Amino acid sequence: MKKTHLLSFLLILLTIGCNKENDPKLFEQGSLEPNKEVQIIFSENALSRPQNVDVSILSSSDERLDMNEISSFYDIKSEANYGVHIALEEQPQDRLIEVKILLSETYISSIPKNYGVEIFARIYADGGMETIDDFELIESSYDKDNKTLSAFLPAYIFSNHKNDNVFETVLKVAATPGKNKGSDLNKSYNNSKCEAFGIICPTGNCAVSSAFNKQRKHPISGKVKPHWGVDFAVAQGTNVKAVTYGKVERVSVDKNGYGLNIILRHDNGSVSRYCHLSKVLVATGTNVTQGQAIALSGGAKGDPNAGTSTGPHLHFEYAPNGNISLSKSRIDPMPCITASLEGGINIRDNGTLADDAFDAYLNGHFIGKTTIGDSNSIALSSLMPGEMTLKVVCTIAPDNVGTLEIILNNGILFTNGSNVLSTELEQGESMSLIIVIPQQLEKSVPFRSFFKDNDYIEGI
């Protein structure tokens, strides 16, 4: 072979070798580490085939890390200054991808007292009558000794909303009130359980046009398309009511999702959000009572406050925040509405002067207080069935003796079978009693005729 031909042949081989070396490597299982703090572990069968996988670190300036819309809802503090972007060619198998994040001493020291560090995932939800692009808290475990936050990633956080055959999500670390569940990472959370408190229906009729379902599969694509709230079918301009007592935390307009919306922080530690409103009737910082009209519903096409709504309805979200159930994240509110008992507990000063005052707690959660005056009572409703601990503290007693009467109604009883207790407490003294709340037999049901009359179809 001539020298020139040999040189050309070697050059071709070298070129082929270089191109092969530069080809992207297909990935199927194993560990990827975009930096020294983050490790993404793909278990066997997490992906159905070898494919292009991209794991990268996003800086704090990246708009995909904006948690503004969810921040008030979860009372988020101490956000990490970076995020993790994961992009795949297909939606992975559920909880077969694990993320491990090593937290720095500096970040740990920034977490407020009584807050727990959590992982949030950016989720594109289009399972109802709107599309919402926002973050959601996912179950994670914090290893205090190793300063490591871990989570098995649910399939629903990966979305191909850009229709470009890329399924992606963004993870971010932030702190919320209450401790991280730690070793409960693999525990099956009962997200339908409401402990101590229920809520009323925000629209009166509770006709559900699209249910809460974080594992909902799109009827055409078969891909998981979660819906993180409940859509109530109501006509434009319907009164929207506070589901329980609390304070208006935030009023805002999200043109790319929720539209005009209200967030309420409740006295029992839970939080609720009311979306696609046409008008707000309360201001930020206002204390509201259960059943009080706080807004008018909206969602009609063309309404400037509708956000991404495709028709008149109320999108409602509810989260216990770890206070009244195991879950910190958003849960299906319907069991809290349908299983609760209307009526409840009256606590009052039964003395002739009505000069004593009391604070009351149910299962450790503050439920209200009496004030000096003629109408000294605390009335509760929407109570969940089962045994509860009622604690009463005498806060004001001018003569150091508070005269107290507790009246239980609608079938609620003390463990001895009675429903009335009269006693005395010294100022600063407390007492705890077990009460039994019966199971509510009747449950709310959707009004099918309402759907038919208003042409409501569950969104896809």
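The shown structure was predicted, so the numbers you read here are calculated from the model rather than taken from an experiment.

In terms of regular secondary structure, the protein is built from five helices and 28 strands. Counting only residues that meet the buried cut, the protein has 50% of its 460 residues in that class. For the protein, the exposed area adds up to about 21400 Å²; of that, 50% sits on carbon and sulfur atoms.

This part covers the sheet that holds strand β14 (residues 246-254). Across the sheet, which stays open at both edges, the seven strands sit in the order β11-β12-β20-β16-β15-β14-β18 with antiparallel pairing between neighbours. At either end of the open sheet lies a strand with only one pairing partner, and these are β11 (208-210) and β18 (287-288). Where β11 lies against strand β12 (residues 230-232), two bridges are found, and the strand directions are antiparallel. Paired with Val-208 across the bridge in β12 is Phe-232.

A few words now on the sheet that holds strand β21 (residues 345-349). One open sheet accounts for three strands, arranged β21-β25-β27; its pairing is antiparallel. Because the sheet does not close on itself, it has two edges, and the strands there are β21 and β27 (420-426). For this sheet, the mean angle separating the axes of adjacent strands, direction not counted, is 25°. In the sheet, β21 pairs with strand β25 (residues 401-408) via five bridges, with the strands oriented antiparallel. Residue Ile-347 lies in a different strand from β25, and its bridge partner there is Ile-406.

If you look at the biggest cluster of nonpolar residues, it comprises 63 residues, and the most contacted ones within it are Phe-232, Tyr-274 and Ile-294. Ranked by residues supplied to this core, first place goes to strand β6 (residues 115-125) with five residues.

On to unusual backbone geometry. A positive phi is found at Asn-165, a non-glycine position, where the angle reads about 60°. For Asn-165, the position within the fold is in the loop between β9 (148-152) and β10 (167-177). Judged by its relative accessible area of 62%, Asn-165 falls in the exposed class.

Time to look at the pattern of salt bridges. Under the criterion given, the structure shown has 15 salt bridges. For Arg-250, the salt bridge is made with Glu-69, and the minimal N-O distance between the two is 3.6 Å. One end of the pair, Arg-250, is in strand β14; the other, Glu-69, is in helix α2 (residues 68-74), with 181 residues separating them in the sequence. Side by side, Arg-250 and Glu-69 carry an identical accessibility label, which is buried. Residues participating in the shared-partner salt-bridge network are Glu-136, Arg-273, Glu-317 and Arg-330.

Now for the packing of aromatic side chains. A ring pair, where both rings are aromatic, is described by two values, the distance of the centres and the angle of the planes. Per the counting criterion, the structure on display carries seven aromatic pairs. Between Phe-73 and Tyr-74, the aromatic rings sit 5.1 Å apart at their centres with planes inclined by 90°, giving edge-to-face as the arrangement. Summarising the burial analysis for this pair, Phe-73 and Tyr-74 share the class buried. Ring geometry for Phe-212 versus Trp-228: centroids 6.0 Å apart, planes at 85°, classification edge-to-face. One end of the pair, Phe-212, is in the loop between β11 and β12; the other, Trp-228, is in the loop between β11 and β12, with 16 residues separating them in the sequence. Considered together, Phe-212 and Trp-228 belong to a single accessibility category, that of buried residues. Connected via pairs of aromatic rings, a cluster forms that spans Phe-73, Tyr-74 and Phe-120. For Arg-273, the ring lying beneath its charged end belongs to Tyr-258, and the centroid distance is 3.9 Å. Across from the ring centre of Phe-73, 5.8 Å away, lies the NZ or CZ of Arg-330, which sits over that ring.

A word on the environment of Leu-425. Secondary-structure assignment places Leu-425 in strand β27. Look at Leu-425 and you get buried, because its relative accessible area is 3%.

In this section: the pairing of strand β19 (residues 293-297). Pairing of strand β13 (residues 239-241) with β19 involves three bridges; the strand directions are antiparallel. Each residue of the ladder has a partner; that of Asn-239, found in β19, is Leu-296. Pairing analysis gives three bridges linking strand β17 (residues 277-280) to β19, with the strands arranged antiparallel. Paired with Val-280 across the bridge in β19 is Ala-295.

Time to look at the state of the cysteines. On inspection of all chains with the given rule, the structure shows one disulfide. Note on cysteine connectivity: Cys-201 is disulfide-linked to Cys-206, with sulfurs 2.2 Å apart. Disulfide Cys-201-Cys-206: torsion about the S-S bond near 130°, hence right-handed. Under the relative-accessibility criterion, Cys-201 is labelled buried at 11%.

Procedures and definitions
- Residues numbered from 1 in each chain as written.
- Predicted model: local features only at pLDDT ≥ 70, side-chain atom pairs only at ≥ 80, totals over all residues.
- Heavy atoms only, no water.
- Helix = DSSP H or I, 4+ residues; strand = E, 2+ residues; numbered from the N terminus.
- Buried < 20%, exposed > 50% of the residue type's maximum accessible area, 1.4 Å probe, protein only.
- Areas by Shrake-Rupley, 256 points an atom, 1.4 Å probe, with all protein chains shown as cover.
- Pairing = 2+ DSSP bridges.
- Axes fitted to C-alpha atoms, helices over the stretch in contact; angles between N-to-C directions.
- Core = buried A, V, L, I, M, F, W, Y, C linked by side-chain atoms within 4.5 Å.
- Salt bridge = Lys/Arg side-chain N within 4 Å of Asp/Glu carboxyl O.
- Phe/Tyr/Trp six-rings, centres within 6.5 Å; stacked < 30°, edge-to-face > 60°.
- Lys NZ or Arg CZ within 6 Å of the ring centre and 35° of its normal.
- Disulfide = S-S within 2.5 Å.

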